2 protein chains.
Amino acid sequence: MAPAEPNALPFRAKAEIPHFAEERDGWKGYVEWEKYPEKKKQVQELMKKYDFPDPPEFQLVPLPKTNPVLTGERWKQYHYACGLDYIPRDSWDTVLKEKSADMIHVLQFPYNGEPPGDRLIETEMTDNKDFFVRNHGGIPDIDADQFTLDIEGLVKNPRTLALAQLQDETLFPRQSNIVTLQCSGTRRIEQIHEYPGDGDELINAPWGEGAISTARWTGVSLKRVIKYCGGLVDGADNIEFYGADTYFKKGNVHNYVVSVPWRKVKVHEVLLAWEMNGQPLPKIHGYPLRAVVFGYIGARSCKWLYKIRAIKHPSTAPVQMKEYLYYTPQVGKQNAQYSNGFSIQDMPVSSAIISPKNMDQIIHDGKITLKGWAYSGGGHWPVRVEVSGDGGSIWYEVPAENMSTKYFHAWRLWKMDLPVDAEGWLEFCVRTWDNAMNTQPTYVRSAWNWDLHVTSSCHRVKIYSINRSRPATAARLKQLEANNIPIVPITRPMPFDLETDDEYHTAMQSRAWRDPLE
Amino acid sequence: MAPAEPNALPFRAKAEIPHFAEERDGWKGYVEWEKYPEKKKQVQELMKKYDFPDPPEFQLVPLPKTNPVLTGERWKQYHYACGLDYIPRDSWDTVLKEKSADMIHVLQFPYNGEPPGDRLIETEMTDNKDFFVRNHGGIPDIDADQFTLDIEGLVKNPRTLALAQLQDETLFPRQSNIVTLQCSGTRRIEQIHEYPGDGDELINAPWGEGAISTARWTGVSLKRVIKYCGGLVDGADNIEFYGADTYFKKGNVHNYVVSVPWRKVKVHEVLLAWEMNGQPLPKIHGYPLRAVVFGYIGARSCKWLYKIRAIKHPSTAPVQMKEYLYYTPQVGKQNAQYSNGFSIQDMPVSSAIISPKNMDQIIHDGKITLKGWAYSGGGHWPVRVEVSGDGGSIWYEVPAENMSTKYFHAWRLWKMDLPVDAEGWLEFCVRTWDNAMNTQPTYVRSAWNWDLHVTSSCHRVKIYSINRSRPATAARLKQLEANNIPIVPITRPMPFDLETDDEYHTAMQSRAWRDPLE
C-alpha cells in the first residue's frame, strides 16, 4: 500500500459520521444520491466542516516515482467523512484482483491506471486485465441477477428492464463492435510537464500514453432499447446516463451522470454492453452493464449504468457541464467559466510512439524500430502514420503492411524501421492522418488548454542515437567493451582518455590548429 | 553540512595514505605537481586502487533541492586518498567565510557557486561576496609576503618576481579595468534539462544564469611583465598560466594549467590582478595574484597564479586541451575525441532574464517588468537588448535609458516594462545584439553540445500571466480576495463553482449551445 501523500492531513472526524444505506439488495458500494436531494444536502453541510488535504503539488514540482503515483487522500477522506470508508478499500481490492500486477496506478483512488507501454501495443485487442481504467469514484459490486436498468424521462413508455431482458435476443438483436476507448487525459503528462494547469481540478491524473485501449464489446444498441420504450417524445434530443458510482465535486455528492446526443444513438454507435472481449465485464469496467459510445471521449461510456433518461439539451450534471471542457490557451484559473469551454465528445486524430521511450539511449546499425498506436474518433480512422527522426522536418510513411487492421471505431497499431544516420540527441515524432485528412497539431504548446485535456499534438520522444555503423562509434564501442564498461547511461563519465596525445597532435595539425597563423 | 550524495561510497583507505608536503613556506593548500613526474606517477598508481563513487545522476533524473546542490564526494575522496583531506575542509571554511550566506552552492567541492538572481543584477559591479566562483580544486591559502611569480619558458630573461615588485609602479604602470568574467557553464541547466550530456565529465556543475559577474580589476598588464623579461623568443605564441590549486582528471593529478595566445596579451587584455573592486583579491578568487583575461571564458583567468611560461602552440595541459571544448551536436560519448572539439576562448553574445523567474505566476495590469543581463565577449559589447512576450515572434527593444553603462569588456544590465495583454502561459525571451551584429541562436537545441558549454541561445522563461486589467480576471480576483483565497499556485483547485447554473445557461444560449440544431 502506498504511503500517504506528502501533504495529506490525517483524517479526523469533525462531525457525526452518517450512515448512508445502500439502496438496493445485492448492490454493494452503490448509494443513490440523485433521487434524494435531502441526502445530497446533508453531505454538502457535512463537507463544509472539514479541511480536506490539498491535492499534492506534482505539476510545479516533479511527480513522485512511486506506484501508485498519487494516492488520492483527499477523495478517500470525502468518503470517510460520509461513512463510506469501505468504498475506497473495496475499490483497491478490486484493482488488485482484476488488473495486471504491473499496471501503472496513476491514482489509487478513485482508481486510474494504465498498462506498461510494451503490453499496451502488443495486441490489437487489449487484454481486459490491461485495459486502462479511469474511474471517478469507487467500484460498485452489483449482483447481475438483481440488476435492473431504468429507462425514463422523455420516452413514450418508461420501463425497467432486467439484464436477462436486455440479453433476450427475441427482444433485441445482439450487437458486437471493436471499439477503442480513450480518456481525454491521455498524454496529459506532456501538458503538465510544459505548462501546468488544472486537469478538471479534482483528479488531475498524470496520464502517459496508455489511457487508451481497445476491446470487442457485445450488448445491444441503445437505439433499439429506446424504440422498445416507444421512442422519444417532446423534442428530446439527448440521452442521459446514470452510473452507480459515487462522485464528489466541490463539496457536493452525485452519482456519475453524463449524456450523449440522440443523433449518436440513432446510428447505432451507442452500445449497452455486458461483454468485453468475449467475457463478462470485469467489475472495474462496469459490471454488469455499461455504455460504450463509439469515437467519443471515454467519459461518456458510463459504467455501472443503472438509469437512462431522455432529456432536452445535454445533461447539466457536473461531469457533463463542468468537466471535460476544452478551453483556449488564454482561459485559466483567473477567468475560466464553464461556458468558456467546449464540451469534449468526438475525439480527434492522435498517436503515440510507445517504443523507444523518451530519453532512451540506443545503439543501432543505422535503423531504429519505432512502435506505437494511432487513433481517430468520431467514426474516423487512421489512414496514414508518419514518423520523423529529426523533430518533424522529414517524414517517413509507415508501410501499410506494418499497420494493424482498419476499423471504423478503433486504433491501429504500427511499427516502423526508421533510417537513422545521425548521432546524439534526436527528436523522434509521429503524426497520423485520418480518412478526413485531419492531422495533429505540431507542438504541445499548439493545443495547450487549462484543463489539460486532449493532448493530440505530434508525440515526441528524445532519443540518444549511437550509430554503430559509423567507424568512430564502432571503435569507441569496441574500446568500452574491451574494458567491460557499458556506454549507458551516457551521463556516466568516460573513465579513460578520448584519444592519445599523439593522435590529438596529428588531428590538430591536420586542422591547422585552432587559430589562424597570421 | 550537506548529506553525502546518494550514491557515494564511504571512503575507506585501500592503500597507504601518502604524505605530500606543501612545497613552500606560507603556501598552505599548495602542492606542486608539475615539477615532479614521480609524485604524479605515485598518485596515478594510488588512484587505480580505488573505486571512487560515481558522480550522482542528476541529468536523467531531477536535481536535488538541497544547498549545496551537489557535494562532490568523488573529488573529496580523491583528496582523501592522497592524504590531502584538509584541502576540501579548508576550502569549504573559506566559502563560508568569504561568500554570502545565501549563495547557491551548485557544487560544494571543488567549490562552484552563484549568487541569487535578484542580487546578481542589483549592481553593475558585483560585490566580491556575491561574485560567482568556479573552482577546479581546493583554495590555496598563500602568504602574500612569501608569494613569488615565476616567468619562464620562451622568454629572453626568465625571472622570479615578488608581489611587491609587480606592485612597484616604477617598474610597471598600474592597469585597472571593468571586466565581466563568465563561466562557459552559465545556463548549463537548460542544456541538461533538455538534453543531458557530459559537461566535461568530472564536475558538470548545474549552473543557472548566475555563473557571470563583473568587477573592477587592478594590477599590471601581462605584456609589460613579459617585456620586463626581455620579450618572447623562438616563435613563442602562447602564454601558459599555472595555478597553485590541485586538479584531478581521469586518475591523474595536476596543477591547474591553461594558456592564452600572445596576441591577446599584446593588446593589454590580460591583466595580472591583485585587486578586485578596490580590495585585495579574496582567497577564493585567487589571492594574492590571478590572471584576468578580458572577453574570454573565465577558465583562462587562472587563479593563485604562480608560474607563467611562454610556449609554442596552446597548452597541452588537460584543462586547455581536454576540457572547455565546443563539440557539434553529433559528437558525444560514442565518438568524441578531444580534437573534434573547438577550444573555447572568446565568449559569444548572450543574455538572460533574471526576473521574473521561470514558472512564476504574475498578476499585473497590462505590463510586466523584465530584468536581466546582456554580455558579449572578445571585445564586443551589447548594443541592443530585445525581449519578446510571445516566444520570439514580436520583439521589443529595451530603451537605451534602461540599460547600464557600455564597457568594452563588461555586461550591461537592463530592465523593460513589457506590454502584456495575453493571459495564461506565455514564453518570455530575450536576445541581445552586439556591436558586430552578432545575436543569439534561437533555441537551446540550436546550439546543444555534448560538454554542455556556452548556452548562448535566447533565454526563455515560462510565465503565467494574470491580467487584472481584463474585466473577467478582475472579477475573479475580487471573488477570491473576498474569500481570502490566493490565486497562486494556479495548480491549486478552485474551491467554488466557476459560474452559477443560471449564468451558464444564459451564456450557452447566446452561443446556441454546443451542437447544431439541424
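Since this is a predicted model, take the numbers as computed values, not measurements.

## A closer look at the overall build of chain A
Right, on to step 1. Helices and strands together make up the secondary structure of chain A, namely 11 helices and 25 strands.
Right, on to step 2. With the principal axes as the frame, chain A shows a C-alpha extent of 95 × 55 × 45 Å.
Right, on to step 3. Of all 518 residues assigned to chain A, the portion counted as buried reaches 60%.
Right, on to step 4. The contacts of chain A with a sequence gap of at least 6 include a subset with a gap of at least 24, amounting to 73%.
Right, on to step 5. Separation of charge centres in chain A, based on 60 positive and 65 negative side chains, amounts to 5 Å.

## Focus on the UniProt feature "domain: Moybdenum cofactor oxidoreductase dimerisation" (unreviewed entry) in chain A
Right, on to step 1. In this numbering, the UniProt entry assigns the feature "domain: Moybdenum cofactor oxidoreductase dimerisation" (unreviewed entry) to residues 343-464 of chain A.
Right, on to step 2. Across residues 343-464 of chain A, helical content stands at 0% and strand content at 44%; the span's end C-alpha atoms are separated by 39 Å.

## Quick notes on the sheet that holds strand 6 (residues 148-153) of chain B
Residue and element names in this part refer to chain B.
Right, on to step 1. Strand order in the open sheet formed by five strands is 7-6-15-10-11, with mixed pairing between adjacent strands. Of all the strands in the sheet, the pair left with one neighbour each is strand 7 (159-162) and strand 11 (252-261). When strand polarity is set aside, the average angle formed by the axes of neighbouring strands in this sheet is 25°.
Right, on to step 2. Here strand 6 pairs with strand 7 via four bridges, running antiparallel. Residue pairing across strands places Ile151 opposite Arg159, the latter belonging to strand 7.
Right, on to step 3. Packed on one face of the sheet, helix 1 (residues 37-48) meets strand 10 (238-249) and strand 11 and runs near 125° to strand 11.

## Focus on unusual backbone geometry
Right, on to step 1. Between Tyr287 of chain A and Pro288 of chain A the backbone carries a cis peptide bond, its omega angle lying at 10°.
Right, on to step 2. Mapped onto the fold, Pro288 of chain A is located in the loop between strand 13 (279-280) and strand 14 (290-293).
Right, on to step 3. For His268 of chain B, which is not glycine, the phi dihedral falls at a positive 60°.
Right, on to step 4. Secondary-structure assignment places His268 of chain B in the loop between helix 8 (262-266) and strand 12 (270-276).

## Considerations on the state of the cysteines
Right, on to step 1. Summed over all chains, the structure comprises zero disulfides over all chains.
Right, on to step 2. Left without a disulfide partner, Cys302 of chain A is nearest to the cysteine sulfur of Cys183 of chain A, which lies 15 Å away.

## With respect to the interface of chain A and chain B
Right, on to step 1. At the junction of the two partners, chain A supplies 75 residues and chain B supplies 75 residues.
Right, on to step 2. Carbon and sulfur atoms make up 53% of the surface buried where chain A meets chain B, a total of about 7,000 Å² over both sides.
Right, on to step 3. On the chain A side of the interface with chain B, the three residues burying the most area are Lys333, Gln334 and Arg514 of chain A, jointly 12% of the side's total.
Right, on to step 4. On the surface where chain A and chain B come into contact, there are 50 residue pairs in polar contact (both at pLDDT 80 or more).
Right, on to step 5. Looking at the side of chain A that touches chain B element by element, the count peaks at five residues for helix 11 (residues 501-510) of chain A.

## Thoughts on the sheet that holds strand 19 (residues 361-364) of chain A
All names here are of chain A.
Right, on to step 1. Ordered in space as 19-25-24-21-22, the five strands form an open sheet in which the pairing is mixed. Here the strands that pair on one side only, and so sit at the sheet edges, are strand 19 and strand 22 (396-397).
Right, on to step 2. Pairing of strand 24 (residues 424-434) with strand 25 (residues 459-467), which is carried by seven bridges, proceeds in the antiparallel orientation. Across the sheet, the residue bridging to Leu426 is Ile463, located in strand 25.

## Let's talk about helix 1 of chain B
Residues and elements named next belong to chain B.
Right, on to step 1. Its 12 residues give helix 1 an end-to-end C-alpha distance of 17 Å, which sits within 8% of 16 Å, the value for a rise of 1.5 Å per residue.
Right, on to step 2. Among the residues making up helix 1, those that are buried are Lys39, Lys40, Val43, Leu46 and Met47. One side of helix 1 carries all its buried residues, which in axial view fall inside an arc of 120°. For helix 1, exposure combined with an orientation more than 90 degrees from the buried face picks out Pro37, Glu38 and Lys48.

## Let's talk about the relation of the copies chain A and chain B
Right, on to step 1. It takes a turn of 180° to lay chain A on chain B, together with a shift of 0.0 Å along the axis; the resulting RMSD is 0.0 Å. The superposition operator between the copies reduces to a two-fold rotation axis. Taking C-alpha positions as the reference, the residue of chain A nearest the rotation axis is Pro62 of chain A, at 3.9 Å.
Right, on to step 2. Looking at the interface residues of chain A, 100% of them are also at the interface in chain B, so both copies use one shared face.

## Observations concerning helix 11 of chain A
Right, on to step 1. Of the residues making up helix 11 of chain A, those classed as buried are Tyr504, Ala507 and Met508 of chain A. All buried residues of helix 11 of chain A fall inside an arc of 95° around its axis, so they share one side. Opposite the buried face of helix 11 of chain A, by more than 90 degrees, sit the exposed residues Asp502, Thr506, Gln509 and Ser510 of chain A.
Right, on to step 2. Of the surrounding secondary structure, the elements contacted by the buried residues of helix 11 of chain A are helix 9 (318-321) of chain B.
Right, on to step 3. Phi for Ala512 of chain A, located one or two positions after helix 11 of chain A, is positive at around 55°.

## Describing the side chain of Arg187 of chain A
Residues and elements named next belong to chain A.
Right, on to step 1. Within the fold, Arg187 resides in the loop between strand 8 (175-182) and helix 6 (188-194).
Right, on to step 2. The exposure class assigned to Arg187 is buried, which follows from its relative accessible area of 0%.
Right, on to step 3. Of the polar contacts made by the side chain of Arg187, one reaches the side chain of Glu190; its length is 2.7 Å.
Right, on to step 4. When neighbours within four sequence positions are excluded, Arg187 is seen to be in contact with Trp207, Gly208, Glu209, Ser350, Ser351, Ala352, Gln440, Thr455, Ser456, Ser457, Cys458 and His459.

## Observations concerning the pairing of strand 14 of chain A
All names here are of chain A.
Right, on to step 1. Alternating positions in strand 14 separate into two faces, Arg290 and Val292 on one and Ala291 and Val293 on the other, with burial throughout.
Right, on to step 2. Pairing analysis gives four bridges linking strand 12 (residues 270-276) to strand 14, with the strands arranged antiparallel. Note that in strand 14 the partner of Val270 across the bridge is Val293.

## Looking at the nonpolar core
Right, on to step 1. In terms of nonpolar packing, the biggest core is built from 67 residues, with Leu166, Leu222, Ile239, Phe241, Ile308 and Trp373 of chain B touching the most fellow members.
Right, on to step 2. Ranked by residue count, the leading element in this core is strand 10 of chain B, at five residues.
Right, on to step 3. Membership of the second largest hydrophobic core comes to 66 residues, among which are Cys229, Tyr247, Trp262 and Val454 of chain A.

## What to know about the packing of aromatic side chains
Right, on to step 1. Enumeration according to the criterion identifies 44 aromatic pairs over all chains in this entry.
Right, on to step 2. Geometrically, the ring pair formed by Tyr50 of chain A and Phe52 of chain A is stacked, given 5.2 Å between the ring centres and 20° between the ring planes.
Right, on to step 3. Of the residues examined, Phe52 of chain A reaches a relative accessible area of 12% and is grouped as buried.
Right, on to step 4. Consider the rings of Tyr78 of chain A and Phe248 of chain A, whose centres lie 5.2 Å apart with planes at 40°: the pair is tilted. Pair noted here: Tyr78 of chain A is in helix 2 (residues 73-81) and Phe248 of chain A is in strand 10 (residues 238-249), with a separation of 170 residues, a long-range link. For the pair formed by Tyr78 of chain A and Phe248 of chain A, the shared burial category is buried.
Right, on to step 5. The aromatic ring of Tyr195 of chain A is capped on one face by Lys462 of chain B, whose charged end is 4.8 Å from the ring centroid.

Reading the values: the criteria
Residues numbered from 1 in each chain as written. Chains lettered and ligands numbered in written order. Predicted model: local features only at pLDDT ≥ 70, side-chain atom pairs only at ≥ 80, totals over all residues. Heavy atoms only, no water. Helix = DSSP H or I, 4+ residues; strand = E, 2+ residues; numbered from the N terminus. Buried < 20%, exposed > 50% of the residue type's maximum accessible area, 1.4 Å probe, protein only. Contact = heavy atoms within 4.5 Å. Lys, Arg positive; Asp, Glu negative; His and termini not counted. Charge placed at Lys NZ, Arg CZ, Asp CG, Glu CD. UniProt positions renumbered as here; feature names shortened; annotations may be inferred. Pairing = 2+ DSSP bridges. Axes fitted to C-alpha atoms, helices over the stretch in contact; angles between N-to-C directions. Disulfide = S-S within 2.5 Å. Buried area = accessible area lost by both parts, 1.4 Å probe. Polar contact = N/O pair within 3.5 Å; in protein donor to acceptor, adjacent residues only side chain to side chain. Expected span 1.5 Å × (residues − 1). Arc of directions from axis to C-beta. Least-squares fit on C-alpha atoms with pLDDT ≥ 70 in both. Core = buried A, V, L, I, M, F, W, Y, C linked by side-chain atoms within 4.5 Å. Phe/Tyr/Trp six-rings, centres within 6.5 Å; stacked < 30°, edge-to-face > 60°. Lys NZ or Arg CZ within 6 Å of the ring centre and 35° of its normal.

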